[in-house]
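Chain by chain, the residues run as shown.
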Amino acid sequence: MDLVVEKNLRVAMRDGVELATDVYRPATGGPFPTLLERIPYNKESYGMISGWVDVLRAAREGFAVVVQDTRGRYQSDGTFRPFADERTDGADTIAWAAGQAWSTGSVGMFGSSYTGATQWLAAAERPPALATISAAVTSRDYYAGWLYQGGAFRLGFALQWVISALGLGELLRNPSVEENRLADLRRKLDNMDDVFHTLPARDHPTLTAVAPYLTQWLDHPDRDGYWEHLSATVPDIPVLNIGGWHDLFLGGTIDNYLALRARSDRPDARRQRLIIGPWAHGATSGVFPERSFGVEAGADAADITGVQLAWFKEHLAGSPSTVSPSPVRIFVMGPDVWRDEPDWPLPDTEYVDYFLGSATDARTSGGDGTLSTSTGSAVASDSFVYDPADPVTTCGGATFLPGLFIGANAGPRDQTRTESRRDVLCYTSAPLDRSLEVTGPVRAKLYISSSAVDTDFTATLVDVGPDGRAELICDGILRCRYRTSTARPEFLEPGAIYEIDIDLVATSCVFDVGHRLRLDISSSNFPKYDRNPNAAIPIADARHEDLVVATNTVWHDDTRLSRLVLPVVRRSA
């Protein structure tokens, strides 16, 4: 099929700013149902596989596809302010696309990550021509679902994203004027470890001059009106949600689905759908340096483009549905298979408590920390020393850190080296006598105390094989000043005992016979999250001299039952 490609059309927004826009459509026929993606990463170099959709395939299958540089990016005019202008610009672009002669007037949006955010924000304006969206690895909440988790700032992601994808692109628009700053950003990309270790965390004058929004994010560590204004409300349209078990926006993806589901009294794949694969942010092949989930695991093998186009044909053109009638499709790690489910969490989920205990000392994997469905511990607590000058180094999980490729540092990494540190508590079960499926939300409910007025607690679920390999499954963090509310910080009373709840987000995996469950607990995961200085100060302002060494304790006696809560699924073969 021959296609017509129109490049760099100037589309005026309501305030007169013009955005550069490309159109791909069949050369004959029409009008066509229309797909829209709005991206900040340069539509000229982003490639034809954009937002997990093959643009040329979509055009050949009878869609008009519109791809636009967002405000202030590359060939579009204006100033880029992340999230802030995407509502109105998205709504204006949808109206423009729907009004073109080649469009049926029915528009769907697609995209991943920030281009998923541009969808949710446009949909929040409820433009009448927007019939559906397909949002991959993204969130509606740009505080808890994007830049903060458990009250801790996602330092590694934020700096990597701002430097490599946003700040550098900003300067490349006009390199002759900003040559010194461009050179400085290039040096930072070559030395990201130094960037992560900089204190105060906000002390990046070149970066904050190019990307002032970084300072704004750091200036709002609490969930306040700034974040409420940026985030998107829930639209009343069909949505296809796509996520990854090791994606840093997995929590946001699941929350998106659940918020939409709350609008109805039953799951319905024609209205809302959730797909989760064994993927990390920027890594969708299902293959990681230390683990491969098989040839069927990749987004290409799962034909995510085909799934989305079938969704759009149904909701934009009224074609009969060809997608699975099940609203949820997940990849179960271990057996490495795709499975359709009636809802999320799975209706037959059983939440099982695994209680923490120890005989003498749970520090390191060589200690005697235990994890069991039975209560009882020889000692009442385990303590460790957290020194923010020597934090636990990030090793895998839902990260977006530099490397050979972004996904190289994410996913199911071996935790053996991390578990050898004396500031890591390890609680391990007996070997399993039968396989155990864990599918759903994972939480750690701990009783803790600290010698400091503030500190962090991290929790990591680990699968320990018979050979001793300790594979990360999922992890989370809680900044203790936000233990009751991310909107109203409350400092600790040193030595007092508190119950905290750490969200490890979710997973779907099977622990095999002979394997052991393990929960690792510490107080840092750096540079995935910024370091807590253990002091009653704004964390982004902390200098080296402000860092306080803390003794942190996890309690597990008869009255303070610290536990890991696992979503267990028991089904006959």
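In the block above lies the structure referred to throughout.
All of the points below concern the structure found in this document. Bear in mind that the values here come from a model prediction, so they are computed numbers and not experimental data.

Parameters at a glance
Residues numbered from 1 in each chain as written. Predicted model: local features only at pLDDT ≥ 70, side-chain atom pairs only at ≥ 80, totals over all residues. Heavy atoms only, no water. Pairing = 2+ DSSP bridges. Helix = DSSP H or I, 4+ residues; strand = E, 2+ residues; numbered from the N terminus. Axes fitted to C-alpha atoms, helices over the stretch in contact; angles between N-to-C directions. Contact = heavy atoms within 4.5 Å. Buried < 20%, exposed > 50% of the residue type's maximum accessible area, 1.4 Å probe, protein only.

This paragraph deals with the sheet that holds strand E3 (residues 32-39). Pairing is mixed across the open sheet formed by 10 strands, whose spatial order is E1-E2-E6-E3-E7-E8-E11-E12-E15-E16. Each of the sheet's edge strands pairs with one partner strand only, and the pair in question is strand E1 (3-12) and strand E16 (337-341). Between one strand axis and the next, the sheet turns by 20° as a mean value, whatever way the strands run. Pairing geometry for E3 and strand E6 (residues 64-69), over six bridges, is parallel. The partner of Leu 35 across the bridge, within E6, is Val 65. Relative to the sheet, helix H12 (residues 304-317) contacts E3, strand E7 (103-112), strand E8 (130-136), strand E11 (239-246) and strand E12 (272-280), its axis offset from that of E8 by approximately 165°.

Moving on to helix H3 (residues 114-124). When you tally the buried positions in H3, you get 11 out of 11 residues, the bulk of the element. Among the residues of H3, those classed as buried are Tyr 114, Thr 115, Gly 116, Ala 117, Thr 118, Gln 119, Trp 120, Leu 121, Ala 122, Ala 123 and Ala 124. Phi turns positive, to about 55°, at Arg 126, one or two residues after H3.

Peptide bonds are trans in most cases, and residues, glycine excluded, mostly fall at negative phi. With an omega dihedral of -10°, the bond running from Trp 344 to Pro 345 counts as a cis peptide bond. With respect to the helices and strands, Pro 345 occurs in the loop between E16 and strand E17 (350-358). Looking along the chain, the bond that leaves Phe 526 and enters Pro 527 is cis, with omega of 15°. Positive phi values are uncommon outside glycine, yet Asn 42 reaches one of about 80°. By the secondary structure assignment, Asn 42 is in the loop between E3 and strand E4 (49-50). In this structure, Val 137 is a non-glycine residue whose phi angle is positive, near 40°.

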